[in-house]
Amino acid sequence: MKNVITIVACVLILAVFMAQITTNEITHSKILFAETEVNTAVQVAKQDGCFTQENINHLVTRLAEKLGCEESEIIIGPAGDSEGSMTRTPVYRGELVYYYVKYPVKGVIGAGAFLGVENNTAMRVLSGATASEYIGE
């Protein structure tokens, strides 16, 4: 009987590690999707010379849908040229278009409930600048 209890305990402990491997793959897929969506939005903003409200709304909707979070949890930087900002008025070719996107990735620890982890969410930030290709209307 002692051996059975030991085997069950070992299997439970090993299952935590197996769950984490699977969770890592899922988390990686979510992050890759989010980065792809942000890069797509940045490419559109390069052509428009700024982040339009339509572009921002589309980005937030797609991220919330895929990441399984609320749209209000996704933070899009304010307008301006400081760190953590987004360019929201058109700039011409050669000037910089800034972007800042902060989003949650939920469920990063595979057996979080089993291990007693309460906040099983990581916040990711994608920010930077790209050269505008906007030449005007």
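Heads up: these notes are all about the structure in this document. Think of each chain on its own: its residues are numbered from 1, step by step along the sequence as written. Per-residue local features are limited, in this predicted model, to residues with pLDDT of at least 70; the limit for side-chain atom pairs, both in listing and counting, is 80 or more; totals at the level of whole chains, interfaces and linings are taken over all residues. Only hydrogens and water are set aside; all other atoms, that is, all heavy atoms of the structure, feed into the side-chain values.

## Observations regarding the pattern of salt bridges
Stage number 1. In the sections that follow, a salt bridge refers to a side-chain nitrogen of Lys or Arg positioned within 4 Å of a carboxyl oxygen of Asp or Glu. In total, this model carries five salt bridges according to the counting rule given.
Stage number 2. Here Glu65 and Arg62 are joined by a salt bridge, their closest N and O atoms 3.8 Å apart. Of this pair, Glu65 and Arg62 both sit in helix H2 (residues 53-67), three residues apart, roughly one helical turn.
Stage number 3. Only protein chains enter the accessibility calculation, which uses a 1.4 Å probe; a residue whose area is less than 20% of its type maximum is buried, one above 50% is exposed, and one in between is partly exposed. Residue classification places Glu65 among the exposed residues on the basis of a relative accessible area of 57%.
Stage number 4. By relative accessible area, which is 28% here, Arg62 ends up partly exposed.
Stage number 5. Three or more residues are tied together by salt bridges with common partners; here these are Glu37, Arg62 and Glu65. The secondary structure listing takes helices from DSSP runs of H or I that are at least 4 residues long and strands from runs of E that are at least 2 residues long, numbered from the N terminus.

## Topic: the nonpolar core
Stage number 1. Working definition of a nonpolar core: buried Ala, Val, Leu, Ile, Met, Phe, Trp, Tyr and Cys residues. They are joined through side-chain atoms within 4.5 Å. Residues Phe51, Ile74, Ile76, Val101 and Tyr103 are the most contacted members of the largest nonpolar core, which totals 25 residues.
Stage number 2. Breaking this core down by element, the ones donating at least two residues are helix H1 (2-48), H2 and strand S2 (96-106).
Stage number 3. Apart from residues no more than four positions distant in its own chain, Ile74 is found in contact with Val60, Leu63, Ala64, Cys69, Val101, Lys102, Tyr103 and Pro104. Contact definition: two residues touch when any of their heavy atoms are within 4.5 Å.

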